[in-house]
Amino acid sequence: MTENKSKKETLPRVGFYICHCGSNIASMIDVLEVQKYAAALPGVAVSREYKYMCSDPGQEMIAKDIKEHKLERLVVAACSPNLHEETFRKAAAKGGLNPFFFQMVNIREHAAWVHEDKKSATEKAKDLARAAIARVRFHKSLDKKRVAVDPNVLVVGGGIAGIHAALTLANAGKKVTLVEREATIGGHMAAFDKTFPTLDCAACILTPKMSAVKSHPNITLWTYSEVSKVEGYVGNYKVTVTRKPRFVKEDLCVGCMECIDACVFKEPKFKDKFNQGLGKRKPVYIDFPQATPKVVLVDPETCIQLKTGKCKQPCAAACDRKAFDFNQKAETKELQVGAIVLSTGFKTYDVARSPQYGYGRYPGVYTALEVERLVNASGPTSGEVVLRDGTHPKAVGIIHCVGSRDAKTNKWCSRVCCMYSLKLAHLIKEHSGAEVYNFYIDMRAPGKAYEEFYDKLLGEGVHFIRGRVDEVTDWAMTPEEEGKLVLRVEDTLAGFVRRIPVDMVVLSTGLEPQPDAQEVRRRFNIGCGSEGFFQERHPKLAPVNTFTDGIYIAGACQAPRDIPDTVAQAGAAAAEALSLIDAGFVELEPNTSHIVEEECSGCKTCVPLCPYSAITFDEAKKKATINEVLCKGCGVCAAACPSGSIRQNLFEDDEIFSEIEGVLAK
Amino acid sequence: MSEQFEPKIVAFFCNWCTYTAADLAGVSRLKYAPNARVIRVMCSGRVDPQFVLDAFAKGADGVLLGGCHPGDCHYAEGNYKTLRRMRMLTRMLKDMGIYDGRFRLEWISGAEGDKVKSVINDMTKKVRALGPLDLPGKFKNWDKEIEELEAQVNKGDKDKEAVHAG
Amino acid sequence: MPDKPKVAFYWCASCGGCEEAVVDLAEDILKVVAAVDIVLWPVAMDFKKEDVEARPDKSIVAGFINGAIRTSEQEEWVRLLRKKCQVIVSFGACANSGGIPALANQFQKESILKYVYDDCPSIDNPGKIRPQTECVDEGRTLTLPELRNVVRSLDQVIDVDYYLPGCPPTPKIIMNAVLALLSGKLPPKGTVLSPEIALCEECKRKDSKPADLALTEFKRPHQVLIDPEKCLLAQGLVCMGPATRGGCEALCPGGNMPCTGCFGPTTRVKDQGAKFVSSVFSNIAPKEEAEIDAVLDGIPDPIGTFYRYGLSKSMLRRKLN
């Protein structure tokens, strides 16, 4: 270390530390050279190098030096500030120095790890160190403000993830509002028949949880509702929810369904979404018998009363609770919450994008979700595997990876399709005795008891062909193929192209982000990856946090995921929310902006620039003013102020100009 | 001395996207040219055009400004302000003789570590071909035209007031 | 009777407007003339260079120098005045930051000379004669000053004590400056003698300015029937007011013309043009590149518009090549 007592005391005394980070930095940067270089810079009172600055001894060294050498500023050249800025700020505070008199220099991620020439990497480290030392002189003493956290939570999306998160939070004593877009919670899982690998009935394991949600005193359930606006910041969100009209009063309806029997449509006529269009419903309906809340709703597209106003309304007459209200309007509600969990789920791949598989052209081609409803005992065929034309298939082909692992459609692996394809193979065989062929690329069975499930299927006589099905066609080349759907595939293990005639084709569709994922994530101010799934803060260390504090993600909205992992992630998101709420307060980063009142000319340039509405115009003073609690510290206003009257803490003009000069000085 | 000219590029990276992407490039051990010097800001919208000009005036051969993709700004719309300001700044720089990519605005998301590598490599290559800008050197050269007279007039003068401040 | 304090006025690359501004003090000029002894004022009095050279150093209390520095003669004169004056006041936008003459920094000296002496439609110069710094005629040597390649502000040539901004400075701020000098109650060296707050503060159109401009188009003054009450920026005109130091009582907006920035920026801003770009373009409406460009096309000469008076002091100073 080099200490310099003879320097003039006019510049604040800077302590400079460069970390070897083991050999991570030291193997590519000559740390001793940088340490010596810094020691000779004006104002540097102490300059040291050390193997692991972030370690306890490293931090203690800093605290000790601050006291002994009366340091007034601290610079550490090491890894990324995104990793250890907090660590060294705390070390400064331990030594009695305001934590914001600290500047970090990134010479690992931005230099040692990305360059191959030691000389130029070392020169770069010197430049960056010099810039930080110049900059830190301008730093000011700052404090983190504490703001109280609202203990209520919003969960968006009532699939298994949202249900589990809501229950966990509610059991911890927090008041939760669960908002779900569909008329019932349950999500995709409610439509499944059995779940892998245990072959539990999905409804049997799901409905108790749905019921628990409904009856939990701490949960307010708003279905058929959507979040339309989000304002505020961590601990203090103001959310606007739009509740769509069911035309039935939710608090009066008991779900007796007499109205459905009474409807003027004697037979169900309209394709019902829950059964993937395979079943029919009336204009007044309930998605499925265990729908939660158990309240019917009326479809304005198909109800005669709502379309023409001219119906006798036998439904309303049949209701002895007088729950019908054809004049019901959408309702807007406002919520104050401290944390938000997003569990908005997924959509399945649209098979119209793969026309070679013949969906829609051949009535025997189904999507996996349709088959879930077919084999389900409460489905449109009561669990009988019977096709749209009324026939029973003798041979079924299940095509894996439809809309997954494909450069032309979706690059990713959807993680669950191999397992559910095996499950459907088992269920179809069990219900119909048909020959089942699974066409796969790789068999992905990574979870607990998954490989064993695959093994079981191997023993059940299901045929497995490793190859991508090229097309589904009804063009017969041999008499055996007449009237069949032929799957043309290269059997890569056998080494030749085969034509397999079947009666039914099941397309194992991949998982995708919801169609409005971009809109939704912008509404909540979180990020998205390039595929459109919500962006986690860190793929390994923070998989349920987002870059927006107070907003957490869980389930398939973040990436394709099976039920066990979804539930685990939902629990994790709930835990993060609890950790925020139970701390009771949030510390705001101090890099906020403020307007120097005597310098402001009232030109209003800044007022419309703030996305958090932190800047307002004081009509009495005729000057703009910033609410520092709302300010998130982007600095856009500071850059835009044409008279230089706005300062952003930690990013003031002086600080940045000195950094620019520092990196370029010779 | 025939050392190859190595351009100095000052890069303003926004914390949430570009800086994170550069960290990711580091974690992934991607290798790229050592010519860039990153200055971290919270949002590309903090980058005042004065900073860009100052970087050139203090000796940068190139200035790179990295922000989030439009629509993805961590602070909602900061990058749109950046885009609008910088498109005008680009025109002004061209009118003042600085062009052909010496000033570059790039959208790089937090997941695009490889884009950091390719942009820095590409920009280094292009600016190297353009040669040094060296504004401090140019300023010194321009001021030579007044120095002779200055020395003459101030011959023997201890009073430094008449010397130009540049 | 004690000697009255001596003052000097000098003009460099100037239009004469700053001299006019002194005359515009009207009756107040008599107060000034009564209180001081003017020892140099080329536009109005016949003192020679030798007269000034003969004076002892620092014998002139204040030298008011206007105009940009473009020639070697101007450099000689201002260096002389620096020696002879206690306080040098940089008077007007040209001296402060280059002014209109500094717009020549967008061109090479040669291209200017070529246009003026060779190509200009109204020039008749078949011999392509150019001015020379020295020529001999009938045994006598005649000299002309050297035209410099770079137009400079006054403080880029000599040390300056105070700055009076404006094109020209208004009578009010000139009077305030002269009185301060005479009373001896001077602010710290380097101060600009006008408030440190932008023009919008004193502009009468301020209340009509909306909080969200969301500009979709820029127009030039001759393209608009300018509403005399409404904020000029809100009418789509480029008004530099927000980025310009106040103190002039917003005379131009008061005269139904947008501010062009002649008082320069506040001290907190290093480059007025860049800061104005930062502010006004943050407030245009479009988000798509093509639409943004269409709005920018409404300002065909950004350097001339945003650096009308300040190109010498801009961060880049002059165009390269």
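Rules behind the numbers
- Residues numbered from 1 in each chain as written.
- Chains lettered and ligands numbered in written order.
- Predicted model: local features only at pLDDT ≥ 70, side-chain atom pairs only at ≥ 80, totals over all residues.
- Pairing = 2+ DSSP bridges.
- Helix = DSSP H or I, 4+ residues; strand = E, 2+ residues; numbered from the N terminus.
- Axes fitted to C-alpha atoms, helices over the stretch in contact; angles between N-to-C directions.
- Contact = placed C-beta atoms within 7 Å.
- Core = buried A, V, L, I, M, F, W, Y, C linked by C-beta atoms within 7 Å.
- Buried ≥ 20, exposed ≤ 12 C-beta atoms within 10 Å, placed from the backbone.
- Nonpolar A, V, L, I, M, F, W, Y, C, P; charged D, E, K, R; others polar.
- Domains from an automatic or database assignment.
- Parallel < 35°, antiparallel > 145°, perpendicular 65-115°, else oblique.
- Left-handed = near helix turned anticlockwise from the far one by under 90°.
- Expected span 1.5 Å × (residues − 1).
- Arc of directions from axis to C-beta.
- Bend = angle between axes of the 7 residues up to and from the residue.
- pLDDT = per-residue confidence, 0-100.
- Right-handed = clockwise from strand over helix to strand, strands pointing away.

**Focus on the sheet that holds strand S2 (residues 37-40) of chain C**
Sheet strands pair via backbone hydrogen bonds, and the direction of the pair is either parallel or antiparallel. Residues and elements named next belong to chain C. Strand order in this open sheet of 5 strands is S2-S1-S3-S5-S9, and the pairing throughout is parallel. Lying at the two open borders of the sheet, with one neighbouring strand each, are S2 and strand S9 (162-164). Strand-to-strand twist of the sheet, defined as the mean angle between neighbouring strand axes without regard to direction, takes the value 30°. Relative to strand S5 (residues 85-91), strand S3 (residues 60-66) runs parallel, the two sharing 6 bridges. Note on S5: the bridge partner recorded for Gly 63 is Ile 88. Against the sheet, helix H4 (residues 72-84) makes contact with strand S1 (6-11), S3 and S5, and its axis sits at roughly 135° relative to S5, the strand it touches most. Taken strand by strand, helix H7 (residues 171-183) contacts S3, S5 and S9, and its axis lies near 155° from that of S9.

**Focus: the nonpolar core**
As a rule of thumb, soluble globular proteins bury nonpolar side chains together. Of all hydrophobic cores here, the largest spans 216 residues; its most connected members are Val 75, Val 76, Ala 77 and Ala 129 of chain A together with Phe 56 of chain B. The leading source of residues in this core is helix H5 (residues 118-136) of chain A, at 9 residues. For Ala 77 of chain A, the residues in contact, after removing those within four places along its chain, are Ile 18, Cys 19, Val 34, Val 105, Ile 107, Ala 125 and Ala 129 of chain A. Formed by 111 residues, the second largest nonpolar core is a distinct cluster that contains Leu 169, Ala 202, Ala 203 and Leu 342 of chain A.

**Focus: the interface of chain A and chain B**
Chain A puts 41 residues into the contact, and the matching count from chain B is 39 residues. Each residue belonging to the side of chain A that touches chain B can be placed in one class, and the counts come to 18 nonpolar, 13 polar and 10 charged.

**Description of the domain arrangement of chain C**
Examined at the domain level, chain C breaks down into domain 1 (6-100 + 149-183), domain 2 (108-148) and domain 3 (199-306). The straight-line distance from the C-alpha centre of domain 2 of chain C to that of domain 3 of chain C is 40 Å.

**Quick notes on the interface of chain B and chain C**
Listed per partner, the contact involves 34 residues of chain B and 35 residues of chain C. Those elements that place two or more of their residues in the side of chain B that touches chain C are helix H2 (49-57), helix H3 (78-95) and helix H5 (135-153) of chain B. When residues in the side of chain B that touches chain C are grouped by element, the largest group, 11 residues, is from H3 of chain B. Of the residues that constitute the side of chain B that touches chain C, the class distribution is 19 nonpolar, 4 polar and 11 charged.

**Some thoughts on the packing of H5 of chain A against helix H17 (residues 653-664) of chain A**
Residue and element names in this part refer to chain A. With their axes 7 Å apart at the nearest point, H5 and H17 run at an angle of 150° to one another. By the angle between their axes, H5 is roughly antiparallel relative to H17. Handedness of the H5/H17 crossing: right-handed. For the pair formed by H5 and H17, the contact residues are Asp 127, Leu 128, Arg 130, Ala 131, Ala 134 and Arg 135 on the first element and Glu 655, Ser 658, Glu 659, Glu 661, Gly 662 and Val 663 on the second.

**Details of the packing of H3 of chain B against helix H9 (residues 272-282) of chain C**
Here H3 of chain B crosses H9 of chain C at 135°, and the two axes come no closer than 8 Å. As judged from the angle between their axes, H3 of chain B and H9 of chain C are oblique. The two elements H3 of chain B and H9 of chain C cross, and the hand of that crossing is right-handed. Where H3 of chain B abuts H9 of chain C, its residues Lys 81, Arg 84, Arg 85, Met 88 and Leu 89 of chain B lie against Val 277, Ser 278, Phe 281 and Ser 282 of chain C. Taken together, the residues that form the contact of H3 of chain B with H9 of chain C break down as 4 nonpolar, 2 polar and 3 charged.

**Concerning helix H7 (residues 202-215) of chain A**
Residue and element names in this part refer to chain A. Helix length check: H7 (14 residues) gives 20 Å between terminal C-alpha atoms against 20 Å at 1.5 Å per residue, within 8%. For H7, the full list of buried residues reads Ala 202, Ala 203, Leu 206, Met 210 and Val 213. An end-on view of H7 places all buried positions within 85° of arc, on one side of the element. Opposite the packed face of H7, turned more than 90 degrees from it, sit the exposed residues Cys 204, Pro 208 and Ser 215. In this structure, the buried side of H7 is in contact with helix H6 (160-171), strand S8 (176-179), strand S9 (194-195), strand S10 (200-201) and strand S11 (219-222).

**Observations regarding H5 of chain B**
Given a rise of 1.5 Å per residue, 19 residues ought to cover 27 Å, and the 27 Å separating the end C-alpha atoms of H5 of chain B matches this to within 8%. The largest bend along H5 of chain B measures about 45° and falls at Glu 145 of chain B.

**Brief notes about the domain arrangement of chain A**
In terms of domain boundaries, chain A breaks down into domain 1 (2-144), domain 2 (150-244 + 330-345 + 516-587), domain 3 (258-318), domain 4 (347-512) and domain 5 (593-648). Using C-alpha coordinates to define each centre, domain 4 of chain A is positioned 60 Å away from domain 5 of chain A.

**Here we look at the confidence of the model for chain C**
Residue and element names in this part refer to chain C. Here chain C averages 93 in pLDDT, while 99% of its residues score no lower than 70. When pLDDT is averaged over each helix and strand of chain C, the minimum, 80, is found for helix H2 (residues 28-35) and the maximum, 97, for helix H5 (residues 92-97). The ipTM, which scores confidence in the relative placement of chains, is 0.94 for this predicted complex, and the corresponding pTM is 0.79.

**Section: the pairing of strand S2 (residues 36-41) of chain B**
Residue and element names in this part refer to chain B. Along S2, 6 of the 6 residues are buried, which leaves the element largely enclosed by surrounding structure. Side chains Ala 36, Val 38 and Arg 40 of S2 all project onto a buried face; the interleaved residues Arg 37, Ile 39 and Val 41 project onto the opposite face, where all are buried too. Taken together, the 6 bridges between strand S1 (residues 9-14) and S2 define a ladder with parallel strand orientation. Among the inter-strand pairings, Ala 11 is bridged to a residue of S2, identified as Val 38. On the question of chirality, the crossover connecting S1 to the parallel S2 by way of helix H1 (residues 15-27) is right-handed.

**Considerations on the sheet that holds strand S12 (residues 225-233) of chain A**
All names here are of chain A. If you walk across this open sheet you meet the 3 strands as S12-S13-S18, and the pairing is antiparallel. Whereas interior strands pair on both sides, the edge strands pair on one side only; in this sheet they are S12 and strand S18 (331-337). Going from strand to strand, the sheet's axes swing by 20° on average, the running direction of each strand aside. Bridge count between S12 and strand S13 (residues 236-243): 8 bridges; the pairing is antiparallel. What sits directly across from Gly 232, in S13, is Tyr 237.

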